Amino acid sequence: MKMMKKIAVLISGNGSNLQSIIDACQQNRINGQVCAVFSNNASAYGLLRAEQAGIPAHFVNPAAYSDRMDFDFSLLTAIDQYQPDLVVLAGYMRILSGGFVQHYRGRLLNIHPSLLPKYPGLHTHRKAMENGDQEHGTSVHFVTEELDGGPIILQAKVPIFAEDQEEDIISRVQTQEHNIYPLVINWFLAGRLVMDGNSAIMDGKVLPPQGYASE
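Before going into details, it helps to say that this report is about the structure given with it. Keep in mind it's a predicted model, so treat the numbers as computed, not measured.

A few words on the overall build of the protein. Counting secondary structure elements, the protein contains six helices and ten strands. Relative to a compact globule of 215 residues, whose C-alpha radius of gyration would be 17 Å, the protein shows 17 Å and is just as compact. Along the first, second and third principal axes, the C-alpha set of the protein runs to 50 × 40 × 35 Å. A buried classification covers 47% of the 215 residues belonging to the protein. Within the protein, counting contacts between residues at least 6 apart in sequence, those at least 24 apart form 63% of the total. As displayed, the protein offers around 10,600 Å² of accessible surface, 51% of which is attributable to carbon and sulfur atoms. Positive and negative side-chain charges of the protein, numbering 16 and 22 respectively, have mean locations separated by a distance of 7 Å.

Here the focus is the pattern of salt bridges. One pass over the full model with this rule turns up five salt bridges. In this structure, arginine 126 and glutamate 166 form a salt bridge, with 3.5 Å as the shortest nitrogen-oxygen distance. Of the two residues, arginine 126 is situated in helix α5 (residues 124-130) and glutamate 166 in helix α6 (residues 166-189); the sequence distance between them amounts to 40 residues. Between arginine 172 and aspartate 164 there is a salt bridge, with the nearest N and O atoms lying 2.7 Å from each other.

This brings us to the side chain of serine 16. Looking at the element boundaries, serine 16 is found in helix α1 (residues 16-26). For serine 16, a relative accessible area of 16% gives the class buried. When residues no more than four places from it in sequence are discounted, the contact partners of serine 16 are Arg49, Gln174 and His178.

Here we come to the sheet that holds strand β1 (residues 6-11). Across the sheet, which stays open at both edges, the seven strands sit in the order β3-β2-β1-β4-β5-β6-β7 with mixed pairing between neighbours. Sheet topology places β3 (57-59) and β7 (152-159) at the edges, where each strand pairs with a single neighbour. When strand polarity is set aside, the average angle formed by the axes of neighbouring strands in this sheet is 20°. As paired elements, β1 and strand β2 (residues 33-39) share six bridges and run parallel to each other. Opposite alanine 8, over in β2, you have alanine 36 as the bridge partner. Each of β1, β2 and β3 is contacted by helix α2 (residues 45-52), which is oriented at about 155° to β3, the strand it contacts most. On the sheet, α6 packs against β1, β4 (86-89), β5 (108-112), β6 (135-142) and β7 and is oriented at approximately 155° with respect to β7.

This paragraph deals with the packing of α1 against α6. Viewed as axis vectors pointing N to C, α1 and α6 meet at an angle of 45°, and their least axial separation amounts to 9 Å. On the basis of their axis angle, the class for α1 and α6 is oblique. Along this stretch, α1 crosses α6, giving a crossing that reads as right-handed. Contacts between α1 and α6 involve Ser16, Asn17, Ser20, Ile21 and Ala24 from the former and Gln174, Glu177, His178, Tyr181, Pro182 and Ile185 from the latter. A class-by-class count of the residues in the contact of α1 with α6 yields five nonpolar, five polar and one charged.

With that settled, the discussion passes to the environment of isoleucine 30. Tracing the chain through its elements places isoleucine 30 in the loop between α1 and β2. For isoleucine 30, a relative accessible area of 1% corresponds to the buried category. The spacing of isoleucine 30 and isoleucine 185 is 155 residues in sequence and 6.9 Å in space, taken between C-alpha atoms. Contact partners of isoleucine 30, with chain neighbours within four places excluded, come to Ile7, Ile21, Ala24, Cys25, Pro182, Ile185, Asn186 and Leu189.

Take α2 next. What sets the pattern is the α-helix's 3.6 residues per turn: residues three or four places apart point alike. Of the positions making up α2, those classed as buried are Gly46, Leu47, Arg49 and Ala50. Buried residues of α2, viewed axially, fall in a sector of 155°; they line one side. Where the residues of α2 are buried, they touch β1, α1, β2 and β3.

Parameters and conventions
Residues numbered from 1 in each chain as written. Predicted model: local features only at pLDDT ≥ 70, side-chain atom pairs only at ≥ 80, totals over all residues. Heavy atoms only, no water. Helix = DSSP H or I, 4+ residues; strand = E, 2+ residues; numbered from the N terminus. Rg over C-alpha atoms; globule rule 2.2 N^0.38 Å. Buried < 20%, exposed > 50% of the residue type's maximum accessible area, 1.4 Å probe, protein only. Contact = heavy atoms within 4.5 Å. Areas by Shrake-Rupley, 256 points an atom, 1.4 Å probe, with all protein chains shown as cover. Lys, Arg positive; Asp, Glu negative; His and termini not counted. Charge placed at Lys NZ, Arg CZ, Asp CG, Glu CD. Salt bridge = Lys/Arg side-chain N within 4 Å of Asp/Glu carboxyl O. Pairing = 2+ DSSP bridges. Axes fitted to C-alpha atoms, helices over the stretch in contact; angles between N-to-C directions. Parallel < 35°, antiparallel > 145°, perpendicular 65-115°, else oblique. Left-handed = near helix turned anticlockwise from the far one by under 90°. Nonpolar A, V, L, I, M, F, W, Y, C, P; charged D, E, K, R; others polar. Arc of directions from axis to C-beta.

In structure tokens form, the structure reads like this:
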């Protein structure tokens, strides 16, 4: 019997992407299961989502550690007890240390709310609006030491309309995130997607800089 592939998810907040991953596992759109959820925020609603789905949920308190390296080592030790095949960042708001990233190199994914390499870091929706962009979007990428800089796997674009408020754009982007993140996770668990050097490889072909099926 084939062992079910395991996904560990790191969150800091509401966990809407976590929910989309849990749902996709239950609906067999992801051939795998979420084995554990970790948060650096005790009041993250995502921890409750995990508990409601019967998934072990852990708060790791950054205040209990002297520095980022110590915290990340403790987090990594806790994650490794579950022996995940893939570690997924879903709205995880801490910058990871190089040691953590190296430990999971090639099996660490992030989703970032912009069309990378545009707007790494925070407040991406606001920046897109302020710059008068007509489109915005989201990117799933492998994580490397460079913040929001790892090889891009898949992007989804959304329009920005003149009358939009920031909330409108956030909502539009999240809808796309909930579609594309489970898709990419399933590609990885099925063995179709790997990271080699600093490239994302899909079905044996190196993906272009903007990821799969980019124009």
